[in-house]
Each structure stands twice: as C-alpha cells, then as structure tokens.
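# Fold and geometry: a report
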Amino acid sequence: MIDFINFYLFPALAIGSIYALGAVGISMIFGILRFAHFAHGDLMTMGAYGVLAAAAVIPVYPVFLVPFGMVLAIALALLVDRIFYQPLRNLPTIYTVISSFGVALIFRSLVQLIWGSQNQVYGSGGVRPPLILFDTFRISVLHVQAVVATAVIALLLHLFLSWTRTGRSMRAVSDDPELAKIAGLETEKVVRWTWIIGAALAAIAGLFAGMDTNAHPNLGWNLLLPMFAAAILGGIGKPMGAMAGGFIIGLAEELSSYPWIGDQALISPSYKTAVAFVIMIVLLIVRPQGLFKGRLL
Amino acid sequence: MSALLSVRGLTAGYGGPPIIEDVSFDVEPREIAVILGPNGAGKSTVLKSIFALTDIASGKVVFGGTDLAGCDTSAMVRIGISSVPQSRNVFPTLTVDENLDVGTYAAPPADKAETREKVLQLFPDLRKKLNQPAGELSGGQRQMVALGRALMCEPKLMLLDEPTAGLSPAYLERIFDLLLDIRETGVTILLVEQNARQALQIADHGHVLVNGRNFVSSTGKALLADESVRRSFLGGAAA
C-alpha cells in the first residue's frame, strides 16, 4: 500500500499536473480559435529549453527561472499566430491544424539546431533527496512543486475566467464568436490572451516535464497525445474540465502499470501512452462532449 | 426633421449576387420602425448590412450624421448602435448576470450598476435567474437576456432581428409591450418581424421589402389600412 502511494500515486499526480497544464491551453485554444493546436507540445519543449538556457547563465534552482521559459513560449506563440495562423483564420480550420503541424516541426528543428538533439539536464543537476513524511511517505520535491503549482494555477485561472473582463470575454468568444463580435467584443485581444495564457502554462508544464526526466527535443511532442486525451476528456472549451482530465489521464496511465493482480505490472509501463489513447478513442465514441459537457468537436 | 439613421441606395449580399438592391429608408429618433416582407425578401440582410456584417457593394448608411462606411461592429457599439440577432443571441454558458456584464464591455456606461438596475426594471423576470446559465432559460427569457445585453451599452438605436421568432403568443405580446417600454426610455428601434400585423400596431413606420427592393414605406397605421399590403403580407386572403 505504501509502495502504491509512493511509487504510483504521487508520480501519477505529478504527471497529471503536467498534462493538466498542457491540456488547459489546448482546450482554450480549441474553444476560442476552434482548431487543434498540434504545436502545443513543442511549445512546451520551447519553454523547457528557455529555462535551460537561462540556467546555463544564472546558477539558481531552475524552477525560479520559469519566467524565462514563459516569456520565450509566449513570444513564440504570438509570433507564430501572427505569421502562420492569423492569415488562415477565415479558411476552414483544417488549414490551421495542418499549419500547426508545420509549426511543431519548426519548433523541434529549432531546438535541435540551437541546443542539439542529445538529452540535457538542468544546471544545478543532482538529485534532490525526497521529502519524507511520517517516516513512510516519500515524495519528490519536484512532484510536490508541480502539484502545488498546478493547484494554485487552476484556482487563479478560475478566478480570472469568472471575474475579470478579459476572462469573461474569453468565455463569451468561446461560447459564440459571432455573437461576441456583434456585442462589440475585441476578438483579437481575446485571441492574444488565449495565446499568452496557453503558452505560459505550456512553459511551466514543459519545465516540470524536463526536470522530471531531462530536456530533449521530443519532450513535448511525446506528451501531446495524452494532453489531447485530457482536453477531450474534460470537454473542449472547458478549461477546468481539461485540468481535471489531465489528472485523470495521468492517474490512469500510471496506475495501469501497478501490479493490481499478482506481482506483475497490470499493463507494462511501455504501453502507458496507449492507455491515454484508448481512453480518448472510447470517449470520442461514447461521449464525444467529454465528461463535463463541452462542445462537440 | 433629421433622421437618426438614413439608409441610401444600399446594395449588399454575402459575396455572391446581391440579396438586397438599392434599398433606402430613414429611421426617425425615438421611433419604432419595422421592416416587413415575405420570406427571402432580404429583411435580415438589411439589418446585417447596417451593422457591417455583409459585403456592401454600394450605397451608404448614415447614423446621427456619421457615415458608417468602414466602421466595424465594436465601433458601431461605441457610437450607440446595438444589435440582437435572431437565433443564438445569448452566451449559453455565461450566467444571465455575466451576459448583461459582457454587454457593457465595448461601450461602458457611465454607471454600470445603475444601467443594470434600469435593465432589470424592464425585465423583472431576470432578477431571479441572475446566476443561472443563460442557455438553461426558456426561449422567451433568453430573448429578454439578449435585449438586456444589447441595452447595457445604453444604445441610441437597437437593431432587432425577429425578436418574437419561435415564441408563444403570450410571450409575443410581452415582447412587443417591452419594445414600447424600451422606446419610452429614449431608444430608437429598428426591427425585422414576421408577425407583421402585431408589429405594425406598435410601429411608427413600416418599410415593406419585396425581392430585396423597396416596395412601399409608410406609417404603421397606413400600412395596416393599405389594401395591397394587407392582401400580400397580413394574411386574410391567401397570397
């Protein structure tokens, strides 16, 4: 039981928070811009490498350098929106989806070009000893940070969407872009904020993912599928649903390799991603609006 | 007498052949004007063209002395025009209160709380529903939310596309009564309506379109009495 909590539940919550932070951006972009942003994983990679670059110069614990990753990811997101997505906005969204595929490849190639394709560890490196609670629970400091950060972000995002003018405008555009235009809302400003929030959260997720293992050019791309599964699970256009979806997918993936029956892993850890995939497909067939009544794709 | 809104020789459509051609009419301050006509006459297109939601080939629209050419929708709202489309006219996942609040973003009123109170006095039914998502309300209540949202920016002119579409006869009369109340607050109303007879009873002027062109314009009373209009659009004899 203790093993279950230490080696399965805690890591599952940590990977869940990484998915949650990525999925919320995917869900918001889908809700407001109405396309599946396939470059979102690579935007996470960019954020992770932004911190890596800063860590090479500033010798502090990398988590403190997350603003550098966020700024890089936000700048890139706004730039690619301006160059590659905005001109396609009046065409069917499939054009933008394909375009975002291209952007994903561009991001990955840039990372390889600038930082090389090998694995890289964060500056201060070294493995921190885990926190030990009540002499039994062992939990990595990084995992605590990821889960706490995600919880705080979820709360702030909820308050932002419920109570600020920009947040409410975002929900209005997500509900009905045509009516939002008629009501005189500034759609382009809403789009800008969607990228800013989505990219900032992607950078945080990318950093935690990179620090949990190491930074490499495929870091975010490998996380894309479970993040899409999480966004669909939560219901497209439902940011809080996507957050919950992230945790559900993270838990499902990690806990599927627990030896529930006998002492073998129920499903080999190498098939983890398949678990997310299966959940996504089943859900699309059975309940395409997601668990929390989102929009149909 | 200077018109609040003046439409001159408007020809517009949606990229293809024009839906409306050479349409002209005036809307006087503080009046209710109604655009009538058979299905497909281009009534809604006239409203959308005034609000810059179509491709305008020629003609012009002047509002309070300002030529609206080149104005986008948020600029329209800022100078005092608000619009309520026929269907999908509330934000379904936003609460009623949030729907009203969103109405103030493009052109914030001087005192938001006071404006909200005025709107809720017009639609007292909404008071109990303020925290409910607008998508959960009945059609008639949604129409009130939509009108309320459009009033929150304190417009001078409201463009309403069939505000009674799909409503029960009881609600239909309430909406028409509300339009009279709204006019009392000093707002000018231009509406498109299928329920021609009832609309003409509250309207100061009516403009009948046929095949995208002006057919006849006159006062509401005169149109009600007009034999050809009555025969063609007000029922009675089969057309």
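Look up: the structure comes first, before these words.
To start, this report covers the structure provided alongside it.

Cut-offs and rules
- Per-chain numbering applies: the sequence of each chain, read as written, is numbered from 1 onward.
- As they are written, the chains are lettered A onward and the ligands numbered 1 onward, keeping that order.
- Note on the predicted model: pLDDT of at least 70 is required for a residue's local features to be given, and 80 or more for side-chain atom pairs to be given and counted; whole-chain, interface and lining totals, by contrast, use all residues.
- To assign burial, the other C-beta atoms lying within 10 Å of each residue's own C-beta are counted, with C-beta atoms placed from the backbone; 20 or more indicates buried, 12 or fewer indicates exposed, and intermediate counts indicate partly exposed.
- Working definition: helices are DSSP H or I runs of at least four residues, strands are E runs of at least two. Numbering for both runs from the N terminus.
- Here, any two strands with at least 2 DSSP bridges between them count as paired.
- Any pair of residues counts as being in contact when their C-beta atoms, constructed from backbone geometry, are within 7 Å of one another.
- For this scheme, ten residues count as nonpolar: Ala, Val, Leu, Ile, Met, Phe, Trp, Tyr, Cys and Pro. Four count as charged, namely Asp, Glu, Lys and Arg, and the remainder, Gly too, count as polar.
- Note on geometry: axes are C-alpha line fits, over the in-contact stretch for helices, and angles between N-to-C directions span 0 to 180 degrees.
- Crossing chirality is assigned from the near helix's rotation relative to the far helix, an anticlockwise turn below a right angle marking it left-handed and a clockwise turn marking it right-handed.

### What about the pairing of strand E3 (residues 32–36) of chain B?
Residues and elements named next belong to chain B. Within E3, five of the five residues are buried, leaving the element largely enclosed by the surrounding structure. With burial as the criterion, each face of E3 is covered, one bearing Ile32, Val34 and Leu36 and the other bearing Ala33 and Ile35. As paired elements, E3 and strand E9 (residues 205–210) share four bridges and run parallel to each other. Looking across to E9, one finds that Leu36 is bridged to Val208.

### A few points about the sheet that holds strand E1 (residues 5–13) of chain B
Strands sit in the order E2-E1-E4-E5 (chain B) across an open sheet of four strands; the sheet is antiparallel. Unpaired on one side and paired on the other, strand E2 (20–27) and strand E5 (66–67) of chain B mark the two borders of the sheet.

### Looking at the interface of chain B and chain A
At the interface, 19 residues of chain B touch 14 residues of chain A. Taken together, the elements giving at least two residues each to the side of chain B that touches chain A come down to helix H2 (73–79) and helix H3 (96–102) of chain B. Of the residues in the side of chain B that touches chain A, the class split is nine nonpolar, six polar and four charged.

### A word on the sheet that holds E3 of chain B
All names here are of chain B. As summarised here, the arrangement of the six strands in space is E6-E7-E8-E3-E9-E10, forming an open sheet in which the pairing is mixed. Each edge of the open sheet carries a strand with a single partner, namely strand E6 (81–84) and strand E10 (213–219). Neighbouring strand axes in the sheet, compared pairwise and without regard to direction, differ in orientation by 15 degrees on average. The pairing of E3 with strand E8 (residues 188–192) spans four bridges and is parallel. Within E8, the residue paired with Ile35 across the bridge is Val192. Across the sheet, helix H5 (residues 139–151) is in contact with E6 and strand E7 (157–161); its angle to E6 comes to roughly 165 degrees.

### Notes on the packing of helix H9 (residues 221–234) of chain A against helix H11 (residues 272–286) of chain A
All names here are of chain A. In the contact formed by H9 and H11, the axes pass within 9 Å of each other and the chain directions differ by 30 degrees. Where H9 crosses over H11, the handedness of that crossing is left-handed. Here Leu225, Pro226, Phe228, Ala229, Ile232 and Leu233 of H9 come into contact with H11, specifically with Thr273, Ala276, Phe277, Ile279, Met280, Leu283 and Leu284. Residues belonging to the contact of H9 with H11 are distributed by class as follows: twelve nonpolar, one polar and no charged.

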